[in-house]
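# A closer look at the structure
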Amino acid sequence: MKKDIKSFTLTQLTDELTAMGEKAFRAKQMYEWMHVKLVRSFDEMTNLSKEIRERCKENYSFTTLHAIEVQESKLDGTKKFLFELSDGNLVESVWMKYKHGNSVCISSQVGCRMGCKFCASTLDGLERNLLPSEMLEQIYAITRLTGERVSNVVVMGIGEPMDNYDNLLTFLRLITDENGLNISQRNITVSTCGLVPKMRQLAEEKLQITLALSLHATTDEKRKKLMPIANRYSIKELMEICNYYFEQTGRRITFEYSLVGGVNDTMEDARELIALAKPLCCHVNLIPVNPIKERDYVQSDTGHVQAFKNILEKNKINCTIRREMGRDIDGACGQLRRRHIT
Ligand code: SAH
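Read on for an overview of the structure. Predicted, not measured: the structure shown is a model, and the values here were computed from it.

### A look at the site of the ligand
Around the ligand sit 17 residues, and of these F118, S191, S214, H216 and N290 come closest. A distance of 2.6 Å separates an oxygen atom of the ligand from a polar atom in the side chain of S214. Residue E256 places a side-chain N or O atom 3.2 Å away from an oxygen atom belonging to the ligand. For the shell around the ligand, the secondary structure elements donating two or more residues are β10 (188-192) and β12 (253-259). The class makeup of the residues in the shell around the ligand is seven nonpolar, eight polar and two charged.

### Section: the nonpolar core
Formed by 99 residues in total, the largest nonpolar core has its most connected members in M30, I139, F171 and F255. The element contributing the most residues to this core is helix α5 (residues 165-175), with seven residues. Once residues within four sequence positions are removed from consideration, F171 is found in contact with I106, P132, M135, L136, I139, V153 and V155. Counting residues in each nonpolar core, the second largest holds six residues, with V94, M96, V154 and M156 among its members.

### Side note on the pattern of salt bridges
Opposite charge on two side chains lets them pair, provided their charged atoms get close. Overall, the coordinates contain 20 salt bridges when judged by the stated rule. In this structure, E16 and K3 form a salt bridge, with 2.9 Å as the shortest nitrogen-oxygen distance. Of the two residues, E16 sits in helix α1 (residues 10-19) while K3 sits in strand β1 (residues 3-4), which places them 13 residues apart along the sequence. By relative accessible area, which is 44% here, K3 ends up partly exposed. Between E313 and K309 there is a salt bridge, and its shortest N-O distance comes to 3.2 Å. Separated by four residues within a single helix, E313 and K309 lie in helix α10 (residues 302-314), roughly one turn from each other. Overlapping salt bridges, with partners in common, bring together D124, K293, E294 and R338 in one network.

### Focus: the pairing of strand β9 (residues 152-155)
Side chains N152 and V154 project from β9 onto one buried face, and the interleaved V153 and V155 project onto a second face that is buried too. Bridging between strand β6 (residues 101-105) and β9 involves three bridges; their strand directions are parallel. Bridge pairing in β9 links V104 to V153. Judged from the three bridges that link them, β9 and β10 form a sheet pairing that is parallel.

### Considering the packing of aromatic side chains
The relative placement of two aromatic rings is captured by the distance of their centres and the angle of their planes. According to the stated counting rule, one finds four aromatic pairs in the structure shown. The interplanar angle of 90° and the centroid separation of 6.0 Å between the aromatic rings of F8 and Y60 together place this pair among those described as edge-to-face. With F8 in the loop between β1 and α1 and Y60 in strand β2 (residues 60-61), this pair connects stretches of sequence that are 52 residues apart. Each member of the pair, F8 as well as Y60, is classed as buried. Centre to centre, the rings of F81 and F83 are 5.7 Å apart; their planes meet at 5°, and the pair counts as stacked. Both residues of the pair, F81 and F83, belong to the buried class. Against the face of W33 rests K37, its NZ or CZ located 3.9 Å from the ring centre.

### Brief notes about the environment of E134
Looking at where E134 falls in the secondary structure, it is placed in helix α4 (residues 132-146). Taking the C-alpha atoms as reference, E134 lies 7.6 Å from T64; in sequence the two are 70 residues apart. Setting aside chain neighbours within four positions, we find E134 in contact with T63, L65, L85, R128 and N129. At a separation of 2.9 Å, a polar atom in the side chain of E134 contacts the side chain of R128.

Reading the values: rules and limits
- Residues numbered from 1 in each chain as written.
- Predicted model: local features only at pLDDT ≥ 70, side-chain atom pairs only at ≥ 80, totals over all residues.
- Heavy atoms only, no water.
- Near = heavy atom within 4 Å.
- Polar contact = N/O pair within 3.5 Å; in protein donor to acceptor, adjacent residues only side chain to side chain.
- Helix = DSSP H or I, 4+ residues; strand = E, 2+ residues; numbered from the N terminus.
- Nonpolar A, V, L, I, M, F, W, Y, C, P; charged D, E, K, R; others polar.
- Core = buried A, V, L, I, M, F, W, Y, C linked by side-chain atoms within 4.5 Å.
- Buried < 20%, exposed > 50% of the residue type's maximum accessible area, 1.4 Å probe, protein only.
- Contact = heavy atoms within 4.5 Å.
- Salt bridge = Lys/Arg side-chain N within 4 Å of Asp/Glu carboxyl O.
- Pairing = 2+ DSSP bridges.
- Phe/Tyr/Trp six-rings, centres within 6.5 Å; stacked < 30°, edge-to-face > 60°.
- Lys NZ or Arg CZ within 6 Å of the ring centre and 35° of its normal.

Written as C-alpha cells, this is what we have:
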C-alpha cells in the first residue's frame with residue numbers, strides 16, 4: 001500500500017523527500033500546497049518539477065474527499081456534507097456559521113463501536129478508523145466548497161475520537177501547525193464518551209484544546225442504560241480524569257448532557273448534575289436529544305429544558321442549551337450516512 005502523504009508532519013515529509021534525494025525546501029513547498037493552498041492533486045503543485053510530481057504519484061497516495069451530497073438548512077445556513085472516501089466508505093461533516101466565525105464538525109471514524117443507545121452513528125458498528133488526512137480533508141474540502149475560512153473545529157461527528165487516538169493526535173498537530181491552516185488549539189473541541197486512559201494521555205500532551213465529556217447521566221446505573229462504556233469506567237473515575245485534564249492544561253471541561261424525556265431530565269437529575277459539576281471547573285452543554293427512528297426516545301419539552309437550565313444556573317453552574325442548528329436537515333450524528341447505506 002502506498003504511504004499517505006497528507007498525513008505526514010512537515011518533519012516526516014522532509015525526511016521522505018530528502019530520502020528521495022530532494023532538497024529539504026521542496027518538502028516545505030509541497031506541505032504548503034497541501035495544507036495551506038489545499039490543492040487536490042500533485043499536478044497542481046506548479047513550482048515543483050514534473051519529475052518530482054511523477055515520483056510522488058508513484059510512491060504516495062493523495063487523499064481527497066468527494067462530496068456526494070450537500071444539504072443546506074433554510075433556517076440558519078448550516079450545511080451538511082456527505083463525503084465519499086477513496087474506498088467508497090461515507091462520512092459526514094457539518095458546517096455552521098456563527099457570529100464568531102465558521103465552525104466545522106468532523107467525523108473521526110467510519111461508524112462507531114461505542115453503542116450509545118440514542119446515537120445513529122453506532123447502529124451498524126465500526127467499519128474503520130479515519131486517517132489523519134481524512135479528518136483534515138473534511139475541513140479542507142469544506143473550505144474549498146464554501147470559499148470561507150474555518151476558524152473552529154469540533155470533533156463531534158461520526159465515531160469516537162479517543163478510539164482512534166494516534167490518528168486523532170496527528171490530525172490535531174497538523175491542523176494547528178503554523179505551517180498549515182494554523183487553527184488555534186483553543187478553537188478546537190474533542191468530544192468523548194469517556195475512554196479514561198486516552199483522556200489521561202491527552203491531558204499529558206498539554207494541548208490547549210477543549211475536552212468535552214458526553215456525560216448524559218448522573219449515576220453509573222442510569223448511565224449504563226444509555227451508554228455501554230459506563231460498564232467500563234465509573235462516573236467517579238471520569239470526574240477524577242476531568243479534574244486531571246484541567247490541572248494539566250488549565251482548560252475548562254465541557255460536560256455534554258443530552259436531555260432525554262423521562263429518562264435523565266428530572267429535577268433530581270439536575271441536582272445530581274450540580275453535585276458532580278460543582279467541584280470542577282466546567283461548563284455544561286444541554287442538548288435536547290435528537291430522536292432517531294430506530295429508538296423511541298423523545299425530547300424533553302422546551303419549558304422543561306429551560307427549567308433544568310435555570311436550576312443549574314441558580315447553583316452557579318455555567319450552562320448553555322445547545323442551539324439546534326440545521327433542524328430541517330438530517331440533524332443527528334450519522335443520520336445522513338445511514339440514509340445512504342440502508
Ligand atoms: N463519540 C463522541 C463524539 C461523537 S457524538 C462522544 O461520544 O462524545 C457528539 C455528541 O452528540 C455526544 O455528546 C453524543 O452523545 C451526542 N449525541 C449523539 N446522538 C445524539 C442524539 N440523537 N441526540 C442528542 N445528542 C446525541
